[in-house]
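As a plain string of letters, each chain reads:
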Amino acid sequence: MLYNFFSGSVIHKLFIEKQQELEPTKRVVELKRLSDTRWSCQHSTLWAIKRALPAISATLADVSDQSNAHRATEAKSLIGLIDGQFVLHVTMLESIFSLTKTLSDHLQATDLELASATDLVYSVVDTLNEKRNVETWNAIWECASDQCASVGIEMQRPQPRRKAQPRHLQGFVVNSQTGSRERLETSDDYRNHCFFPVIDRLVSELNRRFSSESCHILRGATALNPKHKTFMDKDSLLPMAKHYGVMEENISAELHQAKRLIERKKQSGAVVNTTHDVLVLLRPYNDAFVDLYKLVCISMTLPVTSAACERSFSCLRRLKTYLRNRSGDARTSNLGLLAISSRRTKELDINAVIDRFAANHNNRRIVLL
């Protein structure tokens, strides 16, 4: 609601002026659109609101006194929603998401190393467990109190009391909820019912998605990367081999022979820098290295994530411009393939492409030089 309201040209201009007036020495902050799937986007959204909260409150106060009735009504409704509980939750979630932002950015990197990702996951989980204490919560509570004091908001607003039990159920033993909510008034209430449950849920989800079994598999996939220090290491590859039904005796013998083969190929001038190079090198000998070739194929498939698909959609948005609006699906698909695989596109020989095009279209009037 804040993003939609402040995205208007009139409100946005006033919002920028308020930031420059209240904090002339700091950089102007733009509010971010909230996304349900991007952790980094959620952190940037919370950080922007926390950083520009005084300017947001001042802008809403000015707009609520303007003559435009629609804008004034919407501004007053937003002022009513920005209370002490809102500021406390923004401060709390921003501090928690700042710990997971590095992990989120690392998992979306194009040159992701799976072993380093698992180590970073364990580090983030340990950090979250260390932050689950009273001292961290007191610092968050104090920061939220300062934020409320800077914009003139009451930190603890009295809430209307609700009856613990409806009148028609008096005299009965009730084991389920009757619609009443837990009243949060003190700092201890928010700590026990908001802060600790959020951290516990986050740690539980990280442990579930990055269990010890899955992390061992990821380390095994990294052990098949020639650039990693655990390349062709039996201890690192063995948990992955056992998970996919490969016997220890078979993988030990194949690893010993594969190391000798790779060294001999390197001496003859072959380049083995990536897992794909290992796959190409073992392909002619896949009958001899059945289990190792299987593990290499699996390790080539595991790192594929949704980030590549998201990058393709972003690329398509840049390609489908106004000037190319009437291009057909085939041409758009070909342009998207060239743009998405930009690394391979830059390696193409342009002269060879032009010569092949000229040879296939002899009736063209354009002379290609």
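The name given to the protein in an unreviewed UniProt entry is 52 kDa repressor of the inhibitor of the protein kinase, with the source organism recorded as Dissostichus eleginoides.

Our next topic: the overall build of the protein. When helices and strands are counted, the protein shows 18 helices and zero strands. Going through the 369 residues of the protein one by one, you find that 33% of them count as buried. Contacts spanning at least 24 positions in sequence make up 62% of the contacts within the protein whose residues lie at least 6 apart. Working note: accessible area of the protein is about 24,300 Å², and carbon and sulfur atoms make up 52% of it.

With that settled, the discussion passes to the packing of aromatic side chains. Tallying each qualifying case throughout the model produces six aromatic pairs. Measuring from centroid to centroid gives 4.9 Å for F6 and F15, while their planes differ by 65°, and the two rings are edge-to-face. Just as F6 is buried, F15 falls in that class too. Each ring, one from F195 and one from F196, has its centre 5.8 Å from the other, and the planes form 40°; the classification is tilted. For the pair shown, F195 and F196 are each scored as buried. An aromatic cluster is defined as three or more aromatic residues linked by ring pairs; in this entry it consists of W137, W141, Y190, F195 and F196. Its guanidinium or amino end placed over the ring of F196, R132 lies 4.2 Å from that ring's centre, counting from NZ or CZ.

The final tally for this structure, using the stated rule, is one cavity of 30 Å³ or more. A volume near 40 Å³ is recorded for the largest cavity. Lining the largest cavity are Q19, L22, E23, R51, A52, P54 and A55.

Another point: the environment of R183. Mapping R183 onto the fold places it in the loop between α8 (134–151) and α9 (187–209). Through-space distance from the C-alpha of R183 to that of H193 is 10.0 Å; in sequence the pair is ten residues apart.

On to the side chain of T136, then. Here T136 shows up in helix α8. On the accessibility criterion, T136 (19% relative accessible area) is buried. The contact partners of T136, leaving out residues within four places of it in the chain, are K131 and F195.

Over its twelve residues, helix α14 (residues 290–301) extends 17 Å from the first C-alpha to the last, a length consistent with the 16 Å expected when each residue adds 1.5 Å. Within the span of α14, buried status applies to D291, L292, Y293, L295, V296, I298 and S299.

Right, let's talk about unusual backbone geometry for a bit. You will see that M232, though not glycine, has its phi angle at about 60°, which is positive. Along the chain, M232 falls in the loop between α10 (212–222) and α11 (234–243). Note on M232: relative accessible area 2%, which makes it buried.

Attention now moves to the packing of helix α4 (residues 53–64) against α8. Orientation of α4 relative to α8, taken along the N-to-C sense of each, is 30°, at an axis distance of 9 Å. For the element pair α4 and α8, the recorded crossing hand is right-handed. Contacts from L53, P54 and S57 in α4 reach Q147, S150 and V151 in α8. Within the contact of α4 with α8, the residues separate by chemical class into three nonpolar, three polar and no charged.

What follows concerns the packing of α11 against α14. Taken N-terminus to C-terminus, the directions of α11 and α14 make an angle of 90°; their axes are 11 Å apart at the nearest point. Between α11 and α14, the angle falls in the class roughly perpendicular. Contacts between α11 and α14 involve L237, M240 and A241 on the former and, on the latter, L292, L295, I298 and S299. In the contact of α11 with α14, the residues fall into six nonpolar, one polar and no charged.

On to a nonpolar patch on the surface. Taken together, the side chains of L338, L348 and V353 make up a nonpolar region of the molecular surface, amounting to roughly 250 Å² of accessible area. Mapped onto the elements, V353 comes out in helix α18 (residues 350–360). Accessibility expressed as a relative area gives 47% for V353, which makes it partly exposed.

Let's shift gears to the state of the cysteines. Enumeration according to the criterion identifies zero disulfides in this entry. No disulfide involves C148; its sulfur sits 9.7 Å from that of C143, the nearest cysteine.

Attention now goes to the nonpolar core. Core analysis: the biggest nonpolar cluster contains 51 residues, and F6 and I56 have the highest contact counts within it. No other element matches the eight residues that α9 contributes to this core. When residues no more than four places from it in sequence are discounted, the contact partners of F6 are I11, H12, F15, L31, I56, T59 and L60.

Per the stated rule, a full pass over the model turns up eleven salt bridges. Its salt-bridge partner being E94, residue K50 comes within 3.3 Å of it at the nearest N-O pair. A residue pair is termed long-range when its members are at least 10 positions apart, and K50 in helix α3 (residues 39–51) and E94 in helix α6 (residues 84–107) qualify at 44 residues. One network of salt bridges, with partners in common, ties together R201, E205, R208 and R209.

Reading the values: the criteria
- Residues numbered from 1 in each chain as written.
- Predicted model: local features only at pLDDT ≥ 70, side-chain atom pairs only at ≥ 80, totals over all residues.
- Heavy atoms only, no water.
- Helix = DSSP H or I, 4+ residues; strand = E, 2+ residues; numbered from the N terminus.
- Buried < 20%, exposed > 50% of the residue type's maximum accessible area, 1.4 Å probe, protein only.
- Contact = heavy atoms within 4.5 Å.
- Areas by Shrake-Rupley, 256 points an atom, 1.4 Å probe, with all protein chains shown as cover.
- Phe/Tyr/Trp six-rings, centres within 6.5 Å; stacked < 30°, edge-to-face > 60°.
- Lys NZ or Arg CZ within 6 Å of the ring centre and 35° of its normal.
- 1 Å grid on protein atoms, 1.4 Å probe; cavity = no way out; pocket = protein on both sides within 12 Å on 5 of 7 lines; lining within 4 Å.
- Points joined across faces, edges and corners; volume = space filled by probe spheres on them.
- Expected span 1.5 Å × (residues − 1).
- Axes fitted to C-alpha atoms, helices over the stretch in contact; angles between N-to-C directions.
- Left-handed = near helix turned anticlockwise from the far one by under 90°.
- Nonpolar A, V, L, I, M, F, W, Y, C, P; charged D, E, K, R; others polar.
- Parallel < 35°, antiparallel > 145°, perpendicular 65-115°, else oblique.
- Patch = residues over 30% accessible without salt bridge, like charges linked within 9 Å, V, L, I, M, F, W, Y side chains within 5 Å.
- Salt bridge = Lys/Arg side-chain N within 4 Å of Asp/Glu carboxyl O.
- Disulfide = S-S within 2.5 Å.
- Core = buried A, V, L, I, M, F, W, Y, C linked by side-chain atoms within 4.5 Å.

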